[in-house]
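Each chain, letter by letter, is given below.
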Amino acid sequence: PAMVESKTSFEKLELDQIAALVEKAGDPGFYRGKGGVLIHEGVCHFSHGVSAANIPLSDDLVTKLGDSIAGNLKHLSSSVQEYAIKAFRSFCSAYVSKLSIELQVEQTSAKYIRHILEERNSLLCQGYTLALGSTPANVLVINRSAVFDCLKRNALVQTNGGASSAIETR
């Protein structure tokens, strides 16, 4: 927003450097041995900043940015999940909203419904559930039946060797 107000834009070299960082952040190996929670939070802040500034990215880099955010949603730290949700909202506003409504559904609610239903550990679903709740309303309305079914199914207590039945995970 500040760049728009000041009528400033990025130079090609700056855009290339940002694209290189997005590329690195999309690699799961990037996080190993680099400070744990702090690097995950930093990547989420970076993802939010790139999205909030609506930096032009190739389709491949937009996909990698979305995958990086999704990876951070699965982190067990609630602070990482909160930063990832902030990045997810900005990402949806900047990049997902430009897609057809069918692709918006596929890249947001349908994607996180799949993750929630496939993941057996309820703790690892918390970030995905937050993302589902942060999905733009126009997308949720279209996919509301699947969203409600997913949330109801995920809220059931599983006692047959499935995920934890702890109340904090539902």
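Residues numbered from 1 in each chain as written. Predicted model: local features only at pLDDT ≥ 70, side-chain atom pairs only at ≥ 80, totals over all residues. Heavy atoms only, no water.

Undergrad: So what exactly am I meant to see when it comes to the overall build of the protein chain here?
TA: Helix and strand counts for the protein chain come out as ten helices and zero strands. From first element to last, N terminus to C terminus, the protein chain shows the α and β order α-α-α-α-α-α-α-α-α-α. Looking at the protein chain as a whole, 37% of its 170 residues are labelled buried. If you take every contact in the protein chain between residues at least 6 apart in sequence, the share linking residues at least 24 apart comes to 67%. A total of about 9,700 Å² of accessible surface is found on the protein chain, and carbon and sulfur atoms cover 57% of it. (Helix = DSSP H or I, 4+ residues; strand = E, 2+ residues; numbered from the N terminus. Buried < 20%, exposed > 50% of the residue type's maximum accessible area, 1.4 Å probe, protein only. Contact = heavy atoms within 4.5 Å. Areas by Shrake-Rupley, 256 points an atom, 1.4 Å probe, with all protein chains shown as cover.)

Undergrad: Help me understand the nonpolar core in this model?
TA: Side chains that are nonpolar tend, in soluble globular proteins, to be buried together. Within the largest apolar cluster, 32 residues are counted, with the highest numbers of intra-cluster contacts made by V50, L57, L65, L73 and Y95. Counting residues per element, the ones that place at least two in this core are α2 (12–25), α3 (37–52), α4 (59–73), α5 (78–94), α7 (109–118), α8 (122–134) and α10 (144–155). Ranked by residue count, the leading element in this core is α5, at eight residues. The residues contacting V50, other than those within four sequence positions of it, are I18, V22, I55, L57, L65 and Y95. (Core = buried A, V, L, I, M, F, W, Y, C linked by side-chain atoms within 4.5 Å.)

Undergrad: Before we go on, may I ask you to explain the pattern of salt bridges in this structure?
TA: When the charged atoms of two side chains lie near each other, side chains of opposite charge can form a pair. Throughout the structure, instances matching the rule amount to four salt bridges. With a shortest N-O distance of 3.4 Å, E119 and K74 are connected by a salt bridge. Note that E119 is positioned in the loop between α7 and α8 and K74 in the loop between α4 and α5, a separation of 45 residues in sequence. One salt bridge in this structure joins K152 and D149, with 3.8 Å as the shortest N-O distance. Here K152 pairs with D149, and both are found in helix α10, just three residues apart, close to one helical turn. (Salt bridge = Lys/Arg side-chain N within 4 Å of Asp/Glu carboxyl O.)

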